[in-house]
Amino acid sequence: MTTNGTDVTTGSPRVGWAAANARRLARQGLTAPTGGGPATVTGAMVGAHAQVLSAAELSVALRLDGGETRESVRTALWTDGSLVKTFGPRGTVHLLPSADLPLWTGALSALPTGRSAMPDGVRMSEGQTDQVVAAIADALADDDLTVDELTEAIVARTGPWAGDRVMDAFQTKWPRWRQMTHTAAHRGALCFGPNRGRKVTYTNPHRLLPGFTPLAGPEALAGLVDRYLYAYGPATPQNFAKWLAMPANWAKELFGSLAAEGRTEPVDFEGEVAWVKAGDTDFAAEPAARGVRLLPYFDAFTIASQPRTRLFAGAAYERALGGGQAGNFPVLLIDGAVAGVWHQRRSGKWLDVTVEPLVTLTAARRGELEEQVERTGEILQGTPRLTVGTVSVGAHA
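What you see is a predicted model; the values in this text were computed from it and never measured. (Residues numbered from 1 in each chain as written. Predicted model: local features only at pLDDT ≥ 70, side-chain atom pairs only at ≥ 80, totals over all residues. Heavy atoms only, no water.)

**Student:** Explain the pattern of salt bridges to me, please; I cannot follow it from the model alone.
**Tutor:** Any two side chains of opposite charge can pair, so long as their charged atoms come close to each other. Overall, the coordinates contain 23 salt bridges when judged by the stated rule. We note a salt bridge from Arg-157 to Asp-138, for which the minimum N-O separation is 2.7 Å. With Arg-157 in helix α7 (residues 147-158) and Asp-138 in helix α6 (residues 126-139), this residue pair connects regions lying 19 residues apart in the sequence. Judged by relative accessible area, Arg-157 falls into the partly exposed class, the value being 41%. Across the pair Asp-335 and Arg-290 runs a salt bridge whose closest N-O atoms are separated by 3.0 Å. Here Arg-290 lies in the loop between β11 (272-277) and β12 (292-295) and Asp-335 lies in the loop between β13 (331-334) and β14 (337-347), a separation of 45 residues in the sequence. Assessed through its relative accessible area of 62%, Arg-290 is described here as exposed. (Salt bridge = Lys/Arg side-chain N within 4 Å of Asp/Glu carboxyl O. Helix = DSSP H or I, 4+ residues; strand = E, 2+ residues; numbered from the N terminus. Buried < 20%, exposed > 50% of the residue type's maximum accessible area, 1.4 Å probe, protein only.)

Next comes the structure, spelled out in structure tokens:
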């Protein structure tokens, strides 16, 4: 194992896109399925986006070996508790390893907070926020509660102002306190409980992890950078800031402090200074990112890998990225690059999978795609039927 040479100007190891992409794929369990179970795989992904839980189940299970299905992910989440569903990076719903929750809550609660985007009359003060978070923690200490039940409990502990329906949301009005749902999760006071019928419930993570305490902010942020760089490095502070939806200048300061402590080191990545964990400079001299993969909505690999112009090259940038927003389309990967989109529709036991490649598929690639569709059906516990749509670009894969 080696890097791709040394930059004679800076003396830093030189890393090319192919080597970086191949290492990311391998560490993500996308070169070949991996063992260790859902929590280990989710940790390697640095969290699985779970706004659509079925997509998260597919994201995690497709990286597992041994014929694991979505039931394996559900067991880890709702039975053995090795996964937790909560608000993660960017304030979006994620699956995270329960064992990593002290790190995540310590890091996310230490992120800089700007002025709330809520208008006057809706926005909560810092004191009100503290009251609501404390009320949430107390209300959920002994039971799982639906949103309506939690609203009543919060109002009883704070006052009617917390329940005022003043937040515009989905053509209705939400109680004022709900603007701080993700803040409560980041501070370790709230996570998701199992659904009660069709209703979402919340619980206190202390019920899942007795003795749970968020790590101190500086330690937690350093640990999060370590994990991010291990999974997606080389990366720049701007890449990390985009992944967390944080200011770039803040990320630059954080990366600078970690470099000064010797926790990271620079490399020349495609002519740009980027960073890896200290000592983590081994890349394949002749990297190979071969194979066909189907990734669902908001898969961690497509969201976090940078630069997107290389992962979503050519026509894929518009067709599969929508000009810049990753995750809105399930994607077809061929040899580690986005080469199309796909979608699926359930009808009873049948799972109709339509793939729209941006390249002409060879017979070998078509065979690999069929294997991926079979695996998708196995994970989602349906009988798959494949349709290949019209090819948009006449190149061969």
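**Student:** What should I look at first to understand the nonpolar core in this one?
**Tutor:** Formed by 115 residues in total, the largest nonpolar core has its most connected members in Leu-150, Leu-190, Leu-224, Phe-240, Trp-243, Leu-244 and Trp-250. Per-element tally for this core: the top contributor is helix α10 (residues 217-232), with nine residues. In contact with Trp-250, other than residues within four places in its own chain, are Leu-111, Pro-112, Leu-221, Phe-240 and Leu-244. (Core = buried A, V, L, I, M, F, W, Y, C linked by side-chain atoms within 4.5 Å. Contact = heavy atoms within 4.5 Å.)

**Student:** Is there a simple way to explain helix α3 (residues 53-61) in this structure?
**Tutor:** Residues spaced three or four apart along an α-helix face the same direction, because each turn holds 3.6 residues. Most of α3 is tucked away: seven of the nine residues are buried. By the burial criterion, the buried members of α3 are Ala-55, Ala-56, Glu-57, Leu-58, Ser-59, Val-60 and Ala-61. Elements that come into contact with the buried residues of α3 comprise α2 (37-45), β2 (48-49), α4 (70-79), β4 (93-97), β14 and α16 (363-380).

**Student:** I keep staring at the pairing of strand β15 (residues 350-357) and nothing clicks. Help me out?
**Tutor:** Along any regular strand, the residues point their side chains to alternate faces of the sheet. Two strands pair when backbone bridges link them, and β14 and β15 are joined in this way by eight bridges, in the antiparallel orientation. Its bridge partner lying in β15, Gly-340 is registered against Pro-357. Hairpin geometry of β14 and β15 is characterised by an intervening segment of two residues between the two adjacent antiparallel strands and by a positive phi of about 65° at Gly-348. The pairing of β15 with strand β16 (residues 383-388) spans six bridges and is classified as parallel. When the sheet's bridge partners are listed, Leu-351 is paired in β16 with Pro-384. One crossover worth recording links β15 to the parallel β16 by way of α16, and it is right-handed. (Pairing = 2+ DSSP bridges. Right-handed = clockwise from strand over helix to strand, strands pointing away.)

**Student:** Whenever I open this one, the environment of Arg-24 confuses me. Can you help?
**Tutor:** For Arg-24, the position within the fold is in helix α1 (residues 17-27). Of the residues examined, Arg-24 reaches a relative accessible area of 1% and is grouped as buried. Sequence-distant contacts of Arg-24, defined by excluding residues within four places in its chain, comprise Trp-17, Ala-231, Tyr-232, Gly-233, Pro-234, Phe-269, Phe-301, Ser-305 and Gln-306. A polar side-chain atom of Arg-24 sits 2.8 Å from the main-chain carbonyl oxygen of Gln-306. (Polar contact = N/O pair within 3.5 Å; in protein donor to acceptor, adjacent residues only side chain to side chain.)

**Student:** Can you walk me through the packing of helix α5 (residues 101-108) against α10 in this structure?
**Tutor:** Interaxial distance between α5 and α10 falls to 7 Å at its minimum, and their mutual angle equals 110°. Comparing their axes, α10 and α5 come out roughly perpendicular. Every pair of crossing elements has a handedness; the one defined by α5 and α10 is left-handed. For the pair formed by α5 and α10, the contact residues are Leu-103, Trp-104, Gly-106 and Ala-107 on the first element and Gly-217, Ala-220, Leu-221, Gly-223, Leu-224 and Arg-227 on the second. The class makeup of the residues in the contact of α5 with α10 is six nonpolar, three polar and one charged. (Axes fitted to C-alpha atoms, helices over the stretch in contact; angles between N-to-C directions. Parallel < 35°, antiparallel > 145°, perpendicular 65-115°, else oblique. Left-handed = near helix turned anticlockwise from the far one by under 90°. Nonpolar A, V, L, I, M, F, W, Y, C, P; charged D, E, K, R; others polar.)

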